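Topology and contacts: notes
The primary structure of each chain is shown beneath.
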Amino acid sequence: MSSEATLPQPVLLEINDLQVRYPVGSLLSRLAGGPREVSVLPGTSLRIGPGETLGLIGESGSGKTTLGRAAIGLTPISAGNIRIGQDVTSMAGARIWDRMRRGVGLMFQDPVAALNPRMKIGRSVTEPLVIHGALTGDRRAKAVELLAQVGLTEGFADRYPHEVSGGQARRATVARALALKPALVIADEPTAGLDLSVQGELLNLLNDLQARLGISFLMITHNLAVARHVTDRIAIMYLGRIVETGPTAELFARPAHPYTRALLGARGRPDRAQPPLEGEVPSLARRPRGCEFNTRCPLATDRCRAAAPEQRSPARGRLVTCHRAEELMAAPQ
Ligand SMILES: Nc1ncnc2c1ncn2[C@@H]1O[C@H](COP(=O)(O)OP(=O)(O)OP(=O)(O)O)[C@@H](O)[C@H]1O
Ligand code: SF4
Ligand SMILES: [Mg+2]
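Residues numbered from 1 in each chain as written. Chains lettered and ligands numbered in written order. Predicted model: local features only at pLDDT ≥ 70, side-chain atom pairs only at ≥ 80, totals over all residues. Heavy atoms only, no water.

Structural notes on the coordination of the magnesium ion (ligand 3)
Binding of the magnesium ion (ligand 3) to the protein goes through Thr65 (OG1) and Gln109 (OE1), at separations of 2.0 to 2.1 Å. On the criterion of sequence distance, the pair formed by threonine 65 in helix α2 (residues 64-71) and glutamine 109 in the loop between β6 (104-107) and α4 (111-114) is long-range, its members being 44 residues apart. Glutamine 109 gets classed as partly exposed once you look at its relative accessible area, which sits at 38%. (Donors = N, O, S within 2.8 Å, 3.2 Å for Na, K, Ca; no water. Helix = DSSP H or I, 4+ residues; strand = E, 2+ residues; numbered from the N terminus. Buried < 20%, exposed > 50% of the residue type's maximum accessible area, 1.4 Å probe, protein only.)

What to know about α2
Of all 8 residues in α2, 6 are buried, a share of seventy percent or more. The complete set of buried residues in α2 reads Lys64, Thr66, Leu67, Gly68, Ala70 and Ala71. Of the residues one or two after α2, glycine 73 is the one with positive phi, at around 80 degrees.

A few points about the pairing of strand β3 (residues 53-57)
Within β3, 5 of the 5 residues are buried, leaving the element largely enclosed by the surrounding structure. Here β3 pairs with strand β8 (residues 216-220) via 4 bridges, running parallel. Residue pairing for β8: leucine 56 is matched across the bridge by isoleucine 220. Here 4 bridges tie β3 to strand β9 (residues 233-238), and the two strands are oriented parallel to one another. Following the sheet pairing, glycine 55 is matched in β9 by isoleucine 234. (Pairing = 2+ DSSP bridges.)

Looking at the packing of aromatic side chains
Scanning all chains against the criterion turns up 3 aromatic pairs. Measuring from centroid to centroid gives 4.6 Å for tyrosine 238 and tyrosine 259, while their planes differ by 55 degrees, and the two rings are tilted. Pair noted here: tyrosine 238 is in strand β9 and tyrosine 259 is in helix α11 (residues 258-264), with a separation of 21 residues, a long-range link. Classification of tyrosine 259 as buried rests on a relative accessible area of 0%. Here tyrosine 259 and phenylalanine 293 contribute two aromatic rings whose centre-to-centre distance is 5.2 Å and whose plane-to-plane angle is 65 degrees, an arrangement assigned as edge-to-face. With tyrosine 259 in helix α11 and phenylalanine 293 in the loop between α11 and α12 (302-306), this residue pair connects regions lying 34 residues apart in the sequence. (Phe/Tyr/Trp six-rings, centres within 6.5 Å; stacked < 30°, edge-to-face > 60°.)

Digging into the confidence of the model for the protein chain
Residue-level pLDDT values for the protein chain average 87, and 88% of them are 70 or greater. Within the protein chain, strand β5 (residues 86-87) has the poorest average pLDDT of any element, 54, and α12 the best, 97. Throughout residues 1-5 the model reports pLDDT below 50, and contacts reaching past four residues in sequence, or to other chains, amount to 8 contacts. Taken together, the stretch residues 266-274 has pLDDT below 50 and engages in 18 contacts with residues farther than four places along the chain or on a different chain. (pLDDT = per-residue confidence, 0-100. Contact = heavy atoms within 4.5 Å.)

Some details on the packing of helix α7 (residues 166-178) against helix α8 (residues 196-213)
As a packed pair, α7 and α8 sit with axes 10 Å apart at the nearest point and diverge in direction by 20 degrees. In terms of orientation, α7 and α8 fall into the roughly parallel class. When you trace α7 past α8, the crossing you get is right-handed. Packed against α7, whose contacting residues are Gly167, Arg170, Arg171, Val174 and Leu178, the element α8 presents Val198, Glu201, Leu202, Leu205, Leu206, Leu209 and Leu213 at the interface. (Axes fitted to C-alpha atoms, helices over the stretch in contact; angles between N-to-C directions. Parallel < 35°, antiparallel > 145°, perpendicular 65-115°, else oblique. Left-handed = near helix turned anticlockwise from the far one by under 90°.)

What about the side chain of arginine 287?
The residue arginine 287 is located in the loop between α11 and α12 in this model. A distance of 2.7 Å separates the side chain of arginine 287 from the backbone oxygen of serine 39, its partner in a polar contact. Those residues in contact with arginine 287, other than ones at most four positions away along the chain, are Ser39, Val40, Pro42, Leu239, Arg241 and Glu292. (Polar contact = N/O pair within 3.5 Å; in protein donor to acceptor, adjacent residues only side chain to side chain.)

Looking at the nonpolar core
Nonpolar side chains in soluble globular proteins tend to end up buried together. Among the nonpolar cores identified, the biggest contains 34 residues, and Val125, Leu147, Val174 and Val185 are the most heavily contacted of them. Those elements giving two or more residues to this core turn out to be α5 (121-131), α6 (139-149), α7, β7 (184-188), α8, β8 and α9 (224-230). By residue number, the principal contributor to this core is α7, which donates 6 residues. Other than its neighbours up to four places away in sequence, valine 125 contacts Ala143, Leu146, Leu147, Ala172, Ala175, Arg176 and Ala179. The next biggest cluster of nonpolar side chains, apart from the first, holds 25 residues, and it includes Leu18, Leu41, Ile48 and Ala70. (Core = buried A, V, L, I, M, F, W, Y, C linked by side-chain atoms within 4.5 Å.)

Printed below as a string of structure tokens:
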């Protein structure tokens, strides 16, 4: 079934068949005929609707950060297209990424990259406005206004990142991501490393901002409890491909892809002990034939090893890339 029928309409951000490759191996190994590059995103598609929070979940190394960075031009793409309102990849040169970076705010996964340690927080949060020539009026006054939006008082504008707590620094990165009034914020592991109570405060802040400003979020997270409570829809990534998407409550209640089932645990309860996902993650340089999950899938058949599954929609709003999707949706776990 066409994905058009089951994904949010209208669409704010649309990523189609995005490909990203990274160089690998030493010069010697390349001269000996080894691989020169690996395909981290082998043709990845994703959509986000206006005001929607989409959770992106997958094991470490599956390509989540790469997708977020590629979506705003921080990582070069080798094929595919990205639309935010219009097709930005068909625009000329620098205009493409200027448009993307204005429309999309990024909260970096790496806290060191998020705020310049040698820059006062007030300057960091207003930096995107300066870079894009969008600063009007007094820079410090703008910093104070942006910081107030995330619950930080004026004094934080004059502090350095090492002078504030982890939660306060994370709030400042939210302020920076909002500086250009984006339609979408990509939040890469926004709660990682924070105490539970601080995590809760930050998630409440993001919820409030969404309700107040109507922005969409792409929430990249390892934390299934966070994903369950703050997202409208979930996308599950394996080896750079989205293997399942669906409304959050339905996906947690009835995960259809065997990989999703393994990630969420036998009863789809991330708060309970989960059985470990067995087997090694395959090397990106040697992707398995057929279904790429077949080397770890307890339900794999000969068909899975021979042919890659097409994406299908076993229920309204659900997209699953598995030969056995309908059968699994019907079967209790
Ligand atoms: N600059 C780079 N050069 C070469 N390989 C890279 C680069 N950045 C990432 N990779 C590789 O690309 C793959 C995907 O990395 P990515 O950081 O996107 O994963 P992730 O899903 O965000 O992981 P995590 O959950 O640990 O943050 C990994 O195999 C990683 O080693
Ligand atoms: S297609 Fe086969 S190997 Fe792949 S996830 Fe489905 S059952 Fe498992
Ligand atoms: Mg990452």
